[in-house]
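# Structural characterization, general
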Amino acid sequence: MEIKLPYIPERPSKPRENGLTMMMDKGLSIRDAENFIETCSGYTDLVKLGFGTAVVTGNILETKIRLYQEAKVKVYLGGTLFEAFAIRGMVDDYLKLIDKLKLDTAEISDGSMYMPHQQKLDYIRKLSAHVTVLSEVGSKQKGVEIPDDIWIEMMKTELATGSWKVIAEARESGTVGIYHNDGSANEELISHITGKIESGKILWEAPTGKQQVWFVKLLGAGANLGNIAPVDVIPLECLRLGLRGDTFFDFLPAALKEYRPESDKYRNI
């Protein structure tokens, strides 16, 4: 049954360029994946098989990939696995693995290891000739500070080299990269990035509910958000549509915003 309400943000149909939701699969079973697809595939654009879980869950890997792809969801291996191949000088073997798994998307990152940026660009150029590439910017290590202008320059050059989207690093903990140690957004850094790069080209990792609310309020329903837990995909879609308390008034016309529950309205009751 379809329920219609006015003043709901319009969401483009899949495949789309903006308003992307990337779910992080950290080892779902076949049955879990099937259940997820039944309820959430319409709201999910990408599934990342997190970090190196593809190695550990290899016995069900190809089946899960097929299920996601049949549900019109792009699926790719976590960037940490790419780095595990790269540090061993096995990027050609990584390409063979992608081909064997019939993947059309790949992530290139350097968050766990040091990689000269020119080498990373060479990898982006090489892989983008075969698949859609997302490249991740930012370190996974606490205490590694990247100046704002370097963040921006790396994002620009990676997009120019062949990345479809650049991913702003946060880890699955949401406490590094674009966030402070307490999980709050690094507003100065994010403001500098969005001032120089089209927000639709960036996929912001936002694993916690507060981070998702913050980005939807900042960028609207069209924010590209990633590292979303399977159980949070539908709650996130509700945030995008103003169907949760956190964004309830964000998309309503001014006349209806008069009904905000401000404390002084209760003084004469």
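Here is what the cut-offs are and how they apply
- Residues numbered from 1 in each chain as written.
- Predicted model: local features only at pLDDT ≥ 70, side-chain atom pairs only at ≥ 80, totals over all residues.
- Heavy atoms only, no water.
- Helix = DSSP H or I, 4+ residues; strand = E, 2+ residues; numbered from the N terminus.
- Rg over C-alpha atoms; globule rule 2.2 N^0.38 Å.
- Buried < 20%, exposed > 50% of the residue type's maximum accessible area, 1.4 Å probe, protein only.
- Contact = heavy atoms within 4.5 Å.
- Areas by Shrake-Rupley, 256 points an atom, 1.4 Å probe, with all protein chains shown as cover.
- Pairing = 2+ DSSP bridges.
- Axes fitted to C-alpha atoms, helices over the stretch in contact; angles between N-to-C directions.
- Expected span 1.5 Å × (residues − 1).
- Salt bridge = Lys/Arg side-chain N within 4 Å of Asp/Glu carboxyl O.
- Parallel < 35°, antiparallel > 145°, perpendicular 65-115°, else oblique.
- Nonpolar A, V, L, I, M, F, W, Y, C, P; charged D, E, K, R; others polar.
- Patch = residues over 30% accessible without salt bridge, like charges linked within 9 Å, V, L, I, M, F, W, Y side chains within 5 Å.
- Disulfide = S-S within 2.5 Å.

Right, let's get into the overall build of the protein. Helix and strand counts for the protein come out as 10 helices and 8 strands. Taking 269 residues into account, the globule formula puts the C-alpha radius of gyration at 18 Å, and the protein, at 19 Å, falls close to it. In the protein, buried positions account for 48% of the 269 residues. Sequence separation of at least 24 residues holds for 70% of the intrachain contacts in the protein that already meet a minimum separation of 6. Summing over all exposed atoms, the protein offers an accessible surface of approximately 13,700 Å²; the carbon and sulfur share of this is 52%.

Let's shift gears to the environment of Phe-85. On the secondary structure map, Phe-85 appears in helix H4 (residues 79–87). Through-space distance from the C-alpha of Phe-85 to that of Leu-95 is 9.9 Å; in sequence the pair is 10 residues apart. Beyond its immediate sequence surroundings of up to four residues, Phe-85 is in contact with Met-90, Val-91, Asp-93, Tyr-94 and Leu-97.

So, on to the sheet that holds strand S4 (residues 105–108). The strand order across the open sheet formed by 8 strands is S3-S2-S1-S8-S7-S6-S5-S4, and the pairing between neighbours is parallel. A single partner strand is all that each edge strand has here, and the edge strands are strand S3 (74–77) and S4. Each neighbouring strand pair of the sheet contributes to a mean axis angle of 25°, computed without reference to strand direction. Pairing geometry for strand S7 (residues 202–205) and strand S8 (residues 225–228), over 2 bridges, is parallel. Bridging across to S8, Trp-204 finds its partner in Leu-225.

A word on helix H7 (residues 148–161). A rise of 1.5 Å per residue sets the reference length of H7, with its 14 residues, at 20 Å; its end C-alpha atoms lie 20 Å apart and thus fit the reference within 8%. Every buried residue of H7 is listed here: Trp-151, Ile-152, Met-154, Met-155, Glu-158 and Thr-161. Contacts made by the buried residues of H7 are with helix H6 (117–128), strand S5 (132–137), strand S6 (163–168), helix H8 (187–196) and S7. Just beyond H7, the residue with positive phi is Gly-162, at close to 145°.

All chains considered together, the criterion is met by 15 salt bridges. Here Glu-107 ties to Lys-48 by a salt bridge, and the two come within 4.0 Å at their closest N and O atoms. Remark: Lys-48 occurs in strand S2 (residues 46–49) and Glu-107 occurs in strand S4; sequence separation between them is 59 residues. According to the relative accessible area criterion, Glu-107 is buried, its value standing at 1%. A salt bridge links Glu-158 to Lys-120; its shortest N-O distance comes to 3.0 Å. One end of the pair, Glu-158, is in helix H7; the other, Lys-120, is in helix H6, with 38 residues separating them in the sequence.

Our next topic: the packing of H4 against helix H5 (residues 91–100). Across the interface, H4 lies against H5 with an axial gap of 7 Å and an inter-helix angle of 140°. Classified by the angle their axes make, H4 and H5 are oblique. Residues Leu-81, Phe-82, Phe-85 and Ala-86 of H4 touch H5, and the partners they reach there are Val-91, Asp-93, Tyr-94 and Leu-97. Partitioned by chemical class, the residues of the contact of H4 with H5 number 7 nonpolar, no polar and 1 charged.

Time to look at a nonpolar patch on the surface. Judged by side-chain polarity, Met-1, Ile-3, Leu-5, Ile-8 and Leu-243 come together as a nonpolar surface patch covering roughly 600 Å² of accessible area. Among the structural elements, Ile-3 can be located in the segment before strand S1 (21–25). On the accessibility criterion, Ile-3 (67% relative accessible area) is exposed.

Inspection of the entire model under this criterion finds 0 disulfides. In this structure Cys-40 is a free cysteine whose sulfur lies 11 Å from that of Cys-238, the closest cysteine sulfur available. What makes Cys-40 buried here is its relative accessible area of 5%. The class of Cys-238 is partly exposed, set by a relative accessible area of 24%.

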